[in-house]
Amino acid sequence: MNGTLMEQASMAFTGSLFDDFSDGVILIDDKNTMLYVNPTTTQLLGYQANDLVDKPIDVIFPTLEQNKPEHIGVTKKQANLFLHTVFKDCTIDEDPYTLIILKKADELKILHRFFEKIANKTGEVFLNAAVEFLTNVFEVDAAIVGKTGGENRFETLASYHRKEDAISEEVLACLADEVLDDLENGKKYVYRDHLDELSSYFYEVNWRSCVAVPIYDKRKKVQGLITMIDHQTMVKTDLAKEVMNFLSYRLSAEMERIKYERTMNESKKRYQEIIESSPESIYIYSNDEIVFANDKGIQFLGGESMIDIVGLDLLQFAHPDFREFFKVLLKQSLELNKQSTTVEGQLVGLHHHVHDVEVTVIPYHSMDQDALQVVIKDVTERKQAENFDSQLRIRKQKTELLQLIKNRDINNGKLDKAYEVIAESAANSLGIERVSIWMYDKSRYALHCKDMFEWSKNSHTSGANIDLEDNPHYMVSIEKDSLITVHDVYKEIGNKNIYKPFLDHSVSSFMDAPIRVDGRVVGIVNFEHIGMPRQWTYDEQSFATSIADLVELAIEKSERKRVEKKVEHLAYYDQLTKLPNRIYLFQKLQEFLEDAKQNKHQFAVLYFDLDQFKNINDSLGHSFGDQLLTEVAQRIKGCIRQIDLFARMGGDEFILILPRIRKKEDVAVVAERIIKAFKAPIKIDESELYITTSIGISVFPDDGKDEETLIKHADIAMYEAKAKSRNGYCNYSSSMNEDSVERLLMETNLNKALERKEFVLLYQPIIELNNNKIVAAEALIRWQHPDLGLIPPARFIPLAEETGLIKPIGYWVIRTVCEQLKLWQKQYGMQDFRIAVNISAIQFEDEDFIEKVKQILQETNVHPSHLEFEITESVMQNIEKSMAILGELRTLGIHVSLDDFGTGYSSLSILKHLPINNIKIDKSFIDDVKFADDETIVQNIIDMSQNMKFKVVAEGIENEIQLNFLREKQCDYGQGYFFNMPLPVLDFEKKLV
């Protein structure tokens, strides 16, 4: 047929037959090209006729299947339209054509047909009818309803396959994995196309597309899904989604019905005898709700019938103090699947009655579902009696300890029997469920149970092993602490130092007391309480520690030599440093005296203490001080011979006995070795501390012929060393007795010197070296004693620091300097002039230091920039505190100089961050600038300081050679006798003029 004839035929065809049809009509040829569309078609789909004629049918129907009664059509706006389709074959001029008749589907009729058919069905019958309906109505291969959350994540409840082929569980599991994550994350439906490309399972069964909708439970959580699967791309997904969504509510109800019926049938079958005979309250608990309760259980919680209790969460009846523990217990019982666990707690019924209860939880498996059987016993009356008994028990604990100490089994060396007696007595005295004794194996990587007493079973067991390699934090705590006390396990469960993965989940509170022998941890005594958390009292903690000591004693009784050594150590050794104590020292000293007299030998007594130890103890704490003493003891032990006796007298005082010395010079060698050992910093935790010692030496027989005299004279010599400069040693001489009397007198007078206005200030000029101009002064204190004359600071400042008088003296100096500054500013107009004041480390660390300085500046009306504080490197002991104080001084505007630089141990890494202005080179380096080493040191100090933007002040300039050297090295400032000695006020004023 040529084009003209076809055009005429088409016109006749369309005009006479289909233009006025109420249904849509499309004519296509054998190549699926549209040759004609009637007006109804264009209205349905939103096109113009010329948009469709001569176009492929794919424009309207992307997935056209002839003889399929329903298709999804695509409108001009790309919207989907659900259409009934009828296909009619025809010929025109002997050529084949197809006529497609379209009609919009009535979607409500589909639902109506379904609900008329299965509305009265319930349970599994309804589920089977629903999947069959969906398969037939939407002409898909299969429909499935299943539940989630089981052992295999997805379990089929009902399915229908048009081809009547069985659907394997592997395929269903794969399909569930494909869609469940999206549904559980909140999606209302999931549609997947090209399934056969995602998995070989789908390819093998020729599945291409699926649509799935979630089924929610009462708590709005996904409990299952309904899905349809087809071998080709689905075309009615919008309608399918709405139908499946609507259907999901009914399916949810029927699934709950099935679940309830199964649970009830199973419960009736397996627990009929329990219901009839048990005097206890019994509940079946699953998925956070009670699914069964016997009559006793209903009454106990205050209900009248099963309907009052079933569906409620058992946790809501737990007392607030018991709830978190109970929650963890229920969870762990399910996860660990233990046979049974019994704990004590409190429950509150519907009528608000509080009951003390004993709760037993048993994992229970029914109908492929994990649940818990919870048996509750009312022990209120028993607990009331126990509370009374516990008061009596506490009073009896001391008596129990005394009896245990005398116990024959503990004292006769039979360890196994001793362990049993101790564990059982401890459990009964504390009124707890379990006490066990554990000992390290030789590797110290495992603990072996020597005895475990369980109160509820009244039995002893042993032989259990615990591997410790997976729990290093806990073992570090045991090694370090005297007792680990945990009042509430579940509040402290994240604390690695106390958490033990081997802890029984029924335990709510525990104590672990380390067993130490010769100072080494050899095991633990474990005290475990079950039920509600328990607040261990101080007496109970002391009792636990004493029980560990008893175990230690039992071990030592079994090894007599170790017992004797322990008793000797307790009597003769210091418990902190493990050094011989005062008692041992005097006994051995008597032996040294007898040996020396008999064999005509000499021996030396070295008496020493730590300089500024009280200050360290007060500022850093006694615990820090104890660690420091221990470190010092170890360091000194490394400096002496094996035959020497090193003992702690008490506090920071130590005595070293050097027997059989040949000459006094040998003693000096040892003293210098000890002082040198203190030059390296002592590391405690993350802190570095520099400390010095002062040593006094007396020698038998020259300095004394008995122990008391020798120790007394060594003590006097030590104070002489301390008075001179500290960080040194001094041999005793008879003149020191007079010095000792003078020191006592000086201490008495020093207390009154400030009140009597006996202190005076001298001022030494500080010169700018490039022009010889006086730019500042250093204020130096002197004591004008009425009888002893002018006393230099070296004789009374150490005494003032020891007695604490340095603080009021120091504040007097600051106030006097400020008053003098104000006077000189008025008289001479020196607006850029500064006066430097030496600040003691003790005063620097005074809590009120900054506030008192502010007060003095305010009262004297002196600007802070005219005041300069000189500190020594000793204030850097507590670097964090020192940095904070220096920062506040800088904020005020006060200049700060680091005095005597080079004689201490300042770390350059710290120095560069210090908020200071000046570095003062110590006089000892200036004295010997003619020597190459000292010149290099001075040059390095100047270069380093200038690189750090610090000004440099040289102290002790006494000749022109030193001055020229310092000028050549570009030192900024200098002071010393070459310019002027420290001057009284009137003489200094003449220099200013």
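Naming follows an unreviewed UniProt entry, where the protein chain appears as Diguanylate cyclase (GGDEF)-like protein/PAS domain S-box-containing protein of Aquibacillus albus.

### Quick word on the overall build of the protein chain
Across its full length, the protein chain holds 34 helices and 38 strands. Counting only residues that meet the buried cut, the protein chain has 48% of its 993 residues in that class. Total accessible area on the protein chain stands at roughly 50300 Å², and carbon and sulfur atoms take up 48% of it.

### Describing helix 21 (residues 622-637)
When the terminal C-alpha atoms of helix 21 are compared, their 23 Å separation across 16 residues agrees well with the 22 Å that a helix rising 1.5 Å per residue should span. Buried within helix 21 are the following residues: F624, G625, L628, L629, V632, A633 and I636.

### What to know about empty space enclosed by the protein
Under the criterion given, the structure shown has 2 cavities of 30 Å³ or more. Its volume calculated, the second largest cavity comes out at about 30 Å³. Secondary structure elements with two or more residues in the lining of the second largest cavity: helix 6 (169-184) and strand 10 (222-230). Considering every element that reaches the lining of the second largest cavity, the biggest residue donor is helix 6, with 4 residues.

### Re the environment of E479
Among the secondary structure elements, E479 is positioned in helix 16 (residues 472-480). Note: C-alpha distance between E479 and R520 (41 residues apart in sequence) is 8.1 Å. Beyond its immediate stretch of four places on either side in the chain, E479 contacts Y440, R444, R516 and V521.

### Some details on the pattern of salt bridges
Where charged atoms from two side chains of opposite charge come close, those side chains can pair. Under the definition given, this model contains 30 salt bridges. Put simply, D574 and R648 hold a salt bridge, and the shortest N to O gap is 3.1 Å. In this pair, D574 is assigned in the loop between helix 18 (560-572) and helix 19 (582-599) and R648 in strand 24 (residues 645-650), connecting sequence segments 74 residues apart. Side by side, D574 and R648 carry an identical accessibility label, which is buried. The salt bridge involving D846 is made with K807; its shortest N-O contact spans 3.9 Å. Taken as a pair, D846 in the loop between helix 27 (841-844) and helix 28 (849-860) and K807 in helix 26 (residues 806-828) lie far apart in primary sequence, 39 residues in all.

### Looking at the confidence of the model for the protein chain
Confidence in the prediction of the protein chain, expressed as mean pLDDT, is 82, and 86% of residues score 70 or more. Across the protein chain, the secondary-structure element scoring lowest on mean pLDDT is helix 1 (residues 3-17), at 42, and the one scoring highest is strand 38 (residues 973-974), at 95. In the predicted structure, residues 1-15 sits below a pLDDT of 50 and forms 13 contacts with residues beyond four places in sequence or in another chain.

### Considering the packing of aromatic side chains
Taken as a whole and assessed by the stated rule, the structure comprises 21 aromatic pairs. Centroid distance Y573 to Y584: 5.6 Å. Interplanar angle 35°. Geometry classified as tilted. In this pair, Y573 is assigned in the loop between helix 18 and helix 19 and Y584 in helix 19, connecting sequence segments 11 residues apart. With relative accessibility at 18%, the residue Y584 sits in the buried group. Relative to F654, the ring of F608 has its centre 6.1 Å away and its plane inclined at 25°; by these criteria the two rings are stacked. Taken together, the residues span a long stretch of sequence, with F608 in strand 23 (residues 602-610) and F654 in strand 25 (residues 653-661) at a distance of 46 residues. There is no split in this pair, since F608 and F654 are both buried. Aromatic ring contacts, followed pair by pair, group F759, W783, F796 and W812 into a single cluster. A cation over a ring is seen here: R250 above F126, with NZ or CZ 4.1 Å from the ring centre.

### Side note on the packing of helix 26 against helix 28
The angle between the axes and the distance between the axes are what describe a pair of packed helices. The geometry of helix 26 relative to helix 28 is characterised by a closest axis approach of 10 Å and an angle of 25° between their N-to-C directions. Our classification of the angle between helix 26 and helix 28 gives roughly parallel. The crossing of helix 26 and helix 28 is right-handed. Contact with helix 26, carried on its side by Y811, I814, R815, C818, E819 and K822, involves F849, K852, V853, I856, L857, E859 and T860 of helix 28 and no other residues of that element. Residue composition of the contact of helix 26 with helix 28, grouped by class: 7 nonpolar, 1 polar and 5 charged.

### Some details on the sheet that holds strand 8 (residues 190-192)
Read from one edge of the open sheet, 5 strands run 7-6-10-9-8, paired in antiparallel fashion. With one partner strand each, in any of the chains shown, strand 7 (154-161) and strand 8 form the two edges of the open sheet. For this sheet, the mean angle separating the axes of adjacent strands, direction not counted, is 15°. Sheet contacts for helix 5 (residues 123-137): strand 6 (142-148), strand 7 and strand 10; angle to strand 7, the most-contacted strand, approximately 50°. On top of the sheet, helix 6 reaches strand 6, strand 7, strand 8, strand 9 (209-216) and strand 10; it is set at about 120° to strand 10, its chief contact.

### Considerations on a negative patch on the surface
Residues D30, D93, E94 and D95 make up a contiguous surface patch of negative charge. As for its position among the elements, E94 is in the loop between strand 4 (80-92) and strand 5 (95-104). The class of E94 is exposed, set by a relative accessible area of 77%.

### Remarks on the packing of helix 15 (residues 415-430) against helix 17 (residues 538-558)
It is the contact of helix 15 with helix 17, at a shortest axis distance of 10 Å, that shows an interaxial angle of 170°. Compared by their axis directions, helix 15 and helix 17 come out roughly antiparallel. Contacts from L415, A418, Y419, I422, A426, S429 and L430 in helix 15 reach E540, F543, I547, L550, V551, A554, I555 and S558 in helix 17. Residues that form the contact of helix 15 with helix 17 fall into these classes: 12 nonpolar, 2 polar and 1 charged.

The rules behind the values
Residues numbered from 1 in each chain as written. Predicted model: local features only at pLDDT ≥ 70, side-chain atom pairs only at ≥ 80, totals over all residues. Heavy atoms only, no water. Helix = DSSP H or I, 4+ residues; strand = E, 2+ residues; numbered from the N terminus. Buried < 20%, exposed > 50% of the residue type's maximum accessible area, 1.4 Å probe, protein only. Areas by Shrake-Rupley, 256 points an atom, 1.4 Å probe, with all protein chains shown as cover. Expected span 1.5 Å × (residues − 1). 1 Å grid on protein atoms, 1.4 Å probe; cavity = no way out; pocket = protein on both sides within 12 Å on 5 of 7 lines; lining within 4 Å. Points joined across faces, edges and corners; volume = space filled by probe spheres on them. Contact = heavy atoms within 4.5 Å. Salt bridge = Lys/Arg side-chain N within 4 Å of Asp/Glu carboxyl O. pLDDT = per-residue confidence, 0-100. Phe/Tyr/Trp six-rings, centres within 6.5 Å; stacked < 30°, edge-to-face > 60°. Lys NZ or Arg CZ within 6 Å of the ring centre and 35° of its normal. Axes fitted to C-alpha atoms, helices over the stretch in contact; angles between N-to-C directions. Parallel < 35°, antiparallel > 145°, perpendicular 65-115°, else oblique. Left-handed = near helix turned anticlockwise from the far one by under 90°. Nonpolar A, V, L, I, M, F, W, Y, C, P; charged D, E, K, R; others polar. Pairing = 2+ DSSP bridges. Patch = residues over 30% accessible without salt bridge, like charges linked within 9 Å, V, L, I, M, F, W, Y side chains within 5 Å. Lys, Arg positive; Asp, Glu negative; His and termini not counted. Charge placed at Lys NZ, Arg CZ, Asp CG, Glu CD.

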